[in-house]
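Spelled out from the first residue to the last, the chains are:
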Amino acid sequence: MRLDPVTLEIVGNRLSAMTEEMCLTLQRTSRSLYVKETADFCCAFAGLDGGFVAYPRGIGVSGFVGLNVLTAVRAAGPLEPGDVIITNDPYRSGGLATHLTDIQLIEPYFHEGELVGYGWAFIHCSDIGGRVPSSLSPVNDEIFQEGLQIPPVKLVRAGEPSRDVEALITANSRTPEANLGDIRAMRAALRTGRERLAGVVAQHGLAAVLDAQRDLVEYTAGKARAALATLGDGTHRFVDYLDDDAVSNLPVRLSVTATLRAGNLHLDFTGTDPQVAAAFNIATLGRPHAWITTRVLALICTLDPAVALNAGLIAPITVTTPEGSLVNPVHPAAVGVRHASANRVNDAIGGALGLAAPHVLPAASSGLVVPVVVAEQRGAGQNVQVLEPMVGGTGARDGADGVDGRDSGISNLSNNPVETVETEIGVEILRYGLRTDSGGAGRWRGGCGLELTFRVRGEGSKLLARGLERMCFRPWGVLGGGPGAATELIVNPGTPRERRHFKIDLLPLEPGDVVTLLTSGAGGYGDPYTRDPEAVLRDVERGVVSFEAAAREYGVALAERDGGLAVDAPATANARRAHRQDRPAAGSGEERRAWESVFDTATVDRLVAALFRLPRPARTPRRTALYTAVLAGLPADFPRTPPTPEQRDAARRTLVQEISQLERMSV
């Protein structure tokens, strides 16, 4: 280290506090509901190499600590004091922006003409143009449909705002005033950072601040390697699935092979499906990008809670992401709903590392983030707002139940207060709470999902719910734990007009329509029949487990006693002894077992390898044709309905024949 430990600690804490103050400035001066309430924003301080040196711990989106601003900085050209760069382009910014609705600002910080580092701020804007209100739709098949692409350009030159750039942005948005207000809030945050950094330099000197940039990152990198080294060396693989790509009923496969060696981690995504003609692609540009390393960063911070948040966290991580795959698409692939795939990457990495350390890693989380958007007419304009960012629960782990209704797997967004929602959007919230019986059963119960039910009040309203997932392949449990409940989206439940939906694009709603979204629960950990019966009783009393599920899933008999419920210990012992062998298999859920009875891992490895030998434009059509041929002999709603043995064997023969033909084509 270049600095003594005491000085390094002081400077590091001051820089971290600076980023927290930047975030507070942004949130308190922002305009849109999704920033000021949901907190989909962040600020940080980047060093001269573009990596974040200081990142807030207690406010803003936590998962972007691994981003880098340098590609965007270089693309914007020579910089001088007072410049501010703006971009939202995932490809031209080197992955700094992750979809078009995330607007990024970067300001170079100087001291007496010498560059010290960069202030960074981002917000998720309500709308950046494109085909649908709020810009994001799962069925967009290229980024041009997702809104205005802003390459790294100067929003401010030497302190003078570029009115032309502002005019271009506002002209291409359905919510121009909110966007402009949030951009000005980001500029205020960057100004706060500039002023606070000047104070650090004045007290400690420029040399100390520059040395601290390298020392802080190197120190964190060492602690990150030490944390990962506790998992031991080895290679472990896990496969998981998106339900479908929204333009077909075909699941999308994510494969991760995690290799641990002396505290370093390599993540190999070979075996992951090609990029899709939909908005689920993650633009990583082949780097250890934030959206594919978030679970590892969370694991490091769990193993070492004292570790600082900076670029050193990703130093031990390398990746292999095949070009043209879901996790490394080629422009102009759509990326708007990349968070759905990032959730599944999280689960797959958690599954792989769980094989290395099953007593450290939890079962699968709910595996979804669904910003529920309502777009409505307001006079001559439109009001486009995120009603709630819906999640589920966290996976159970050895020694602890999952957290109910809260999953910070890829995001730590806040929920919106009901009163604020009803003030700013023409809806009435009827219920917002935990979903009973949604958490996977286990010795340690998976976290429950959420229920959101609201009534539409206004004319011309439309619903968007990007990120709907785990509607088929449920969150998996481990070591005998059960899967969480599947996600459901219902319009007008319990009425003659009830309609159930899977992934939606833009769903028109009438005044009086009632919408219910039930998010998935998380996986359980361990045999449910070994769960403490008193814990099951407490769950029933809290309403997160029903009386019936206590008996069905846990073998716990409850009886009324003294005006309340109590565990019937003899009946519980008898039930657990009598029915232990009769319970359905736990773990991945019936749907995944049915799918893999036909599409097993080794055979699909052959398929994916053959697809990647084709020219990129031919991969998706050929994949679709092959799966269509195999699925033709299976039940219409397979894998929700399992095949008969005869159907399964016939489908497997067709699969092998189709792959053999494809391999001959791709030689």
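Heads up: the structure comes first, above all this text.
Along every chain, residues carry numbers that run from 1 in the direction the sequence is written. In keeping with the predicted nature of the model, local features appear solely for residues at pLDDT of at least 70, side-chain atom pairs appear and are counted solely at 80 or more, and the whole-chain, interface and lining totals rest on all residues. Based on all heavy atoms of the structure, the side-chain values leave hydrogens and waters out of the count.

So, on to the overall build of the protein chain. Secondary structure assignment for the protein chain yields 16 helices and 22 strands. A globule of 667 residues ought to have a C-alpha radius of gyration of about 26 Å, and the protein chain, at 25 Å, matches this closely. Dimensions of the protein chain, computed from C-alpha atoms along their principal axes, come out at roughly 80 × 65 × 55 Å. The rule is simple: take the accessible area with a 1.4 Å probe, protein chains only, and divide by the maximum for that residue type; under 20% is buried, over 50% is exposed, in between is partly exposed. Per-residue burial over the protein chain gives 59% buried out of 667 residues. For the protein chain, long-range pairs separated by at least 24 residues make up 72% of all intrachain contacts whose partners lie at least 6 apart in sequence. The accessible surface values rely on the Shrake-Rupley method and a 1.4 Å probe; as for residues, cover is taken only from the protein chains in view. By element, 52% of the accessible surface of the protein chain is carried by carbon and sulfur atoms, the whole surface being about 24,500 Å². Asp and Glu count as negative and Lys and Arg as positive, but His and the ends of the chain are not part of the count. Throughout, a charge is located at the NZ atom of Lys, the CZ atom of Arg, the CG atom of Asp or the CD atom of Glu. A distance of 3 Å separates the average location of the 67 positive side-chain charges in the protein chain from that of its 77 negative side-chain charges. Only DSSP runs of H or I covering at least 4 residues are called helices, and only runs of E covering at least 2 are called strands; the numbering of each starts at the N terminus. Just to be clear, the radius of gyration here is over C-alpha atoms, and the globule rule we use is 2.2 Å times residues to the power 0.38. Whether two residues are in contact is decided by their heavy atoms, any of which lying within 4.5 Å being enough.

With that settled, consider the nonpolar core. Joining through side-chain atoms within 4.5 Å is the link that ties buried Ala, Val, Leu, Ile, Met, Phe, Trp, Tyr and Cys residues into a set, and such a set is a nonpolar core. In this structure, Leu26, Trp120 and Leu267 are the most contacted members of the largest nonpolar core, which totals 127 residues. A total of nine residues in this core trace back to one element, the largest contributor, which is helix 6 (residues 206-229). Of all hydrophobic cores here, the second largest spans 28 residues; its members include Leu450, Val456, Val515 and Leu517.

Attention now moves to the packing of helix 14 (residues 601-612) against helix 16 (residues 645-665). Angles run from 0 to 180 degrees between N-to-C directions of axes, and those axes are lines fitted to C-alpha atoms, restricted for helices to the stretch in contact. Between helix 14 and helix 16, whose axes approach to 9 Å, the crossing angle comes to 30°. Overall, the two elements helix 14 and helix 16 adopt an arrangement that is roughly parallel. The interaxial crossing formed by helix 14 with helix 16 has left-handed handedness. Touching Thr603, Arg606, Leu607, Ala610 and Leu611 of helix 14 are Arg652, Leu655, Val656, Ile659, Ser660, Leu662 and Glu663, all from helix 16. Here the nonpolar group is Ala, Val, Leu, Ile, Met, Phe, Trp, Tyr, Cys and Pro; Asp, Glu, Lys and Arg are the charged ones; every other residue, Gly included, is treated as polar. Split into classes, the residues belonging to the contact of helix 14 with helix 16 amount to seven nonpolar, two polar and three charged. With respect to orientation, any angle under 35 degrees is reported as roughly parallel, any angle over 145 as roughly antiparallel, any angle of 65 to 115 as roughly perpendicular, and every other angle as oblique. Crossings are classed by handedness, with left-handed meaning an anticlockwise turn of the near helix from the far one by less than a right angle and right-handed meaning a clockwise turn.

Attention now goes to the sheet that holds strand 11 (residues 317-320). Judged by pairing direction, the sheet is mixed, and its four strands sit side by side in the order 8-9-10-11 without closing on themselves. A strand with exactly one partner marks an edge of an open sheet, and here the two such strands are strand 8 (234-242) and strand 11. Each neighbouring strand pair of the sheet contributes to a mean axis angle of 20°, computed without reference to strand direction. In terms of strand pairing, strand 9 (residues 252-261) meets strand 10 (residues 264-268) through five bridges, oriented antiparallel. In the sheet register, Thr257 faces strand 10, and the bridge partner there is Asp268. Each of strand 10 and strand 11 touches helix 7 (residues 290-303); the most contacted strand, strand 11, lies at about 145° to it. Strand pairing is defined by DSSP finding a minimum of two bridges between the two strands.

Now for the packing of aromatic side chains. Any two aromatic rings considered together are summarised by their centre-to-centre distance and by the angle between their planes. In this analysis, rings of Phe, Tyr and Trp, with Trp reduced to its six-membered ring, are considered paired at centre separations within 6.5 Å, and the interplanar angle assigns stacked below 30 degrees, edge-to-face beyond 60, and tilted for intermediate values. Inspection of every chain in the model, using the stated rule, returns 14 aromatic pairs. Look at Phe238 and Trp476: their rings are 4.9 Å apart centre to centre, the planes differ by 50°, and that puts the pair in the tilted class. Pair noted here: Phe238 is in strand 8 and Trp476 is in the loop between strand 16 (461-465) and strand 17 (488-491), with a separation of 238 residues, a long-range link. Taken together, the aromatic side chains of Phe52, Tyr55, Phe64, Trp120, Phe122 and Trp291 make up a single cluster linked through ring pairs.

The subject of this paragraph is helix 7. By this rule, a helix spans an expected 1.5 Å times one less than how many residues it contains. Taking 1.5 Å per residue as the helical rise, helix 7 with its 14 residues ought to reach 20 Å, and the 19 Å between its terminal C-alpha atoms agrees with that figure. Residue Val296 marks the point of greatest curvature in helix 7, where the axis turns by about 25°. Taking burial as the measure, the 14 residues of helix 7 include 10 buried ones, the bulk of the element. If you check which residues of helix 7 are buried, you get Ala290, Trp291, Ile292, Thr293, Thr294, Arg295, Val296, Leu297, Leu299 and Ile300. Elements in contact with the buried residues of helix 7: helix 6, strand 10, strand 11 and helix 8 (338-356). Fitting one axis to the seven residues ending at a residue and another to the seven starting there, the bend at that residue is the angle between the two axes.

Among the secondary structure elements, Arg253 is positioned in strand 9. What qualifies as a polar contact is a pair of N or O atoms within 3.5 Å, subject to a donor-acceptor requirement within protein and to the restriction that residues adjacent in sequence count only when both atoms come from side chains. Of the polar contacts made by the side chain of Arg253, one reaches the backbone oxygen of Gly271; its length is 2.9 Å. Look past the residues within four positions of Arg253 in its chain and what remains in contact with it is Arg237, Val239, Asp240, Tyr241, Gly271, Thr272, Asp273, Thr601, Val604, Asp605 and Val608.

Basic side-chain nitrogens of Lys or Arg form a salt bridge, by our definition, when they fall within 4 Å of a carboxyl oxygen of Asp or Glu. Enumeration according to the criterion identifies 46 salt bridges in this entry. The salt bridge partner of Arg253 is Asp605, with a shortest N-O separation of 2.9 Å. Of this pair, Arg253 sits in strand 9 while Asp605 sits in helix 14, and the two are 352 residues apart along the sequence. Assessed through its relative accessible area of 3%, Arg253 is described here as buried. Linked through salt bridges whose partners overlap, the residues forming this network are Asp240, Asp244, Arg344, Asp347, Glu469, Arg470, Lys503, Arg592 and Glu596.

Sheet architecture is open: five strands sit in the order 14-15-20-17-18, paired in antiparallel fashion. Two strands close off the open sheet at either side, each with one partner strand: strand 14 (427-434) and strand 18 (499-501). Geometrically, the sheet is characterised by an average inter-axis angle of 15° between neighbouring strands, direction not taken into account. In terms of strand pairing, strand 15 (residues 450-456) meets strand 20 (residues 514-518) through five bridges, oriented antiparallel. From the neighbouring strand, Thr453 faces strand 20, where its bridge partner is Thr516.

What follows concerns the packing of helix 1 (residues 5-29) against helix 6. Look at helix 1 against helix 6: their axes get within 10 Å of each other, and the N-to-C directions meet at 90°. If you check the angle between helix 1 and helix 6, you find them roughly perpendicular. Here helix 1 contributes Leu8, Val11, Gly12 and Leu15 to the contact with helix 6, which in turn contributes Ala212, Asp215 and Leu216. Counted by class, the contact of helix 1 with helix 6 contains five nonpolar, one polar and one charged residues.

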